[in-house]
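Coordinate analysis (summary)
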Amino acid sequence: MDYLYVLQCIREASPDFVNYIFLFISEVIPKALLVYAAIVFWCVNKSNGAEILLGYTAAYGINQSIKNIACVYRPWISDSRLHVAKLAEKSATGYSFPSGHTVTAASIGGGIAVCLKKISVAILMIVTIILVAFSRNWLGAHTMQDVLTAICVAAVTIIIINLLKYYISRNPGKDTVVMFAGIGIAGIMTVILQFKSYPLDYDAQGKILCEPELMLTDCYTALGLICGGLFGWWLERHTIKFSTEASKKQLILRGIIGVASFGIVYLLSDIIFDALEAWKMTLRNPGHMLKSFIVFFYVFYLYPLMFSSVHNKLNKKREIK
């Protein structure tokens, strides 16, 4: 905690633009890595893209499970000297240990480094992961233990995903087993986390420090990501079977439309489910689960279905001519 207190003193003495830079690193870079992984899946190498994206969903799910088992309070709750930067307050949800932002950057960045197998890319990804991890410390959202554990979770998950990729390459028909096993484990874990006991501590004014129902929201987000990702991945493999072999112009257009439509789907789902949550609090966690499911099912299945249909129609027109 002393480390965070020193950083806090430096942060408060620094110009505002420094905090904005670290907020950008913390919030935007993990999302940019996610978008890049989607582009790899659609346009560059489908196998590598799927490996990176599914690795992220698994790492996020494992990370979230650890959070809700350990139930470690945020730094400013544990130490009255500390407070989170106002800019980062909104995104500092759930318990503290391990860091969700860091596991996102580490699982996707690490996956990119492993798949591309280039020293320059590996160095860039390592620097990126360190910057994201440090930004969470700088903003006062996480301790050093939080970010280091998140990096370890990401590393272990990358190894597991690589082993599963090798297993499926040797046994293609077993992808159904992997899909159902992944969804089943995530579902069972969510049920366990829903019904386990949580600490109920109160501040001096009698206000609960961490409401258990709110602490479960990210668990349902993880469940949605895993289910949407695995089901979409499996369905695409058995129905669409799209290829990244196309003209450079087609692939660039596919990537641009994909990123734009992905952003639209993400924003629309946010607006719709935030409205439902405001209307009825009991819809909060199921809403977050469904929102995450839709977004990743779109990445893995719905968008590939769209561009594959267009591609097939264009090919038929060429054949007729």
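Placed above this text is the structure.
Residues numbered from 1 in each chain as written. Predicted model: local features only at pLDDT ≥ 70, side-chain atom pairs only at ≥ 80, totals over all residues. Heavy atoms only, no water.

1. Focus on the overall build of the chain
Defined as follows: A run of H or I in DSSP becomes a helix once it reaches four residues, and a run of E becomes a strand once it reaches two; helices and strands are each numbered from the N terminus. Restricting the calculation to C-alpha atoms gives the radius of gyration, and the globule rule supplies 2.2 Å times the number of residues raised to the power 0.38. Relative accessibility thresholds used throughout: buried, under 20% of the residue-type maximum; exposed, over 50%; partly exposed, between the two (1.4 Å probe, protein chains only). We call two residues contacting when some pair of their heavy atoms lies within 4.5 Å. Here Asp and Glu are counted as negative and Lys and Arg as positive; His is not counted, and neither are the chain ends. A single reference atom marks each charge: NZ on Lys, CZ on Arg, CG on Asp, CD on Glu.
Each helix and strand in the chain was counted, giving 12 helices and zero strands. Each helix and strand of the chain, placed in order from N terminus to C terminus, yields the pattern α-α-α-α-α-α-α-α-α-α-α-α. Computed over C-alpha atoms, the radius of gyration of the chain comes to 21 Å, within 12% of the 20 Å expected from 2.2 N^0.38 for 321 residues, which places it in the range of a compact globule. In the chain, which comprises 321 residues, the share counted as buried stands at 48%. Within the chain, counting contacts between residues at least 6 apart in sequence, those at least 24 apart form 81% of the total. Computing the positive centroid from 29 side-chain charges and the negative centroid from 20, the chain places the two 14 Å apart.

2. Focus on the side chain of Ser269
Our working definition: Definition of a polar contact: a pair of N or O atoms within 3.5 Å, with one able to donate and the other able to accept a hydrogen when the atoms are protein atoms, and with sequence-neighbouring residues admitted only if both atoms are side-chain atoms.
Note that Ser269 resides in helix α11 (residues 248-279). A distance of 2.8 Å separates a polar side-chain atom of Ser269 from the backbone oxygen of Tyr266. Ignoring sequence-local partners within four residues, the contact set of Ser269 consists of Lys291 and Val295.

3. Some thoughts on the packing of helix α5 (residues 100-116) against helix α7 (residues 144-170)
This is how the line gets drawn: Every axis in this analysis is a line fitted to C-alpha atoms, fitted for helices over the stretch in contact. Angles between the N-to-C directions lie between 0 and 180 degrees. An angle below 35 degrees is read as roughly parallel, one above 145 as roughly antiparallel, one from 65 to 115 as roughly perpendicular, and any other as oblique. Crossings are sorted by hand: turned counterclockwise from the far helix by less than a right angle, the near helix makes the crossing left-handed, and turned clockwise it makes it right-handed. Residue polarity follows a fixed list, in which Ala, Val, Leu, Ile, Met, Phe, Trp, Tyr, Cys and Pro are nonpolar, Asp, Glu, Lys and Arg are charged, and the others, Gly among them, are polar.
As a packed pair, α5 and α7 sit with axes 8 Å apart at the nearest point and diverge in direction by 40°. In terms of orientation, α5 and α7 fall into the oblique class. Crossing of α5 over α7 shows right-handed handedness. Contact residues: α5 offers Thr102, Val103, Ala106, Ser107, Gly110, Gly111 and Val114, while α7 offers Val147, Ala150, Ile151, Val153, Ala154, Ile158 and Asn162. Looking at side-chain class alone, the contact of α5 with α7 contains nine nonpolar, five polar and no charged residues.

4. Re the side chain of Asp146
Relative to the helices and strands, Asp146 resides in helix α7. Separated by 3.2 Å, the side chains of Asp146 and His142 make a polar contact. Beyond its immediate stretch of four places on either side in the chain, Asp146 contacts Ser96, Phe97, Pro98 and Ser99.

5. Topic: the pattern of salt bridges
Test applied: Counted as salt bridges are all cases of a side-chain nitrogen of Lys or Arg within 4 Å of a carboxyl oxygen of Asp or Glu.
Overall, the coordinates contain seven salt bridges when judged by the stated rule. Between Asp270 and Lys291 there is a salt bridge, with the nearest N and O atoms lying 2.8 Å from each other. You can see Asp270 sitting in helix α11 and its partner Lys291 sitting in helix α12 (residues 284-320), a full 21 residues away along the chain. Judged by its relative accessible area of 21%, Asp270 falls in the partly exposed class. Looking at Lys291, the relative accessible area reads 11%, which means it is buried. When salt bridges with common partners are traced through the structure, they connect Glu27, Lys31 and Arg136 into a single cluster.

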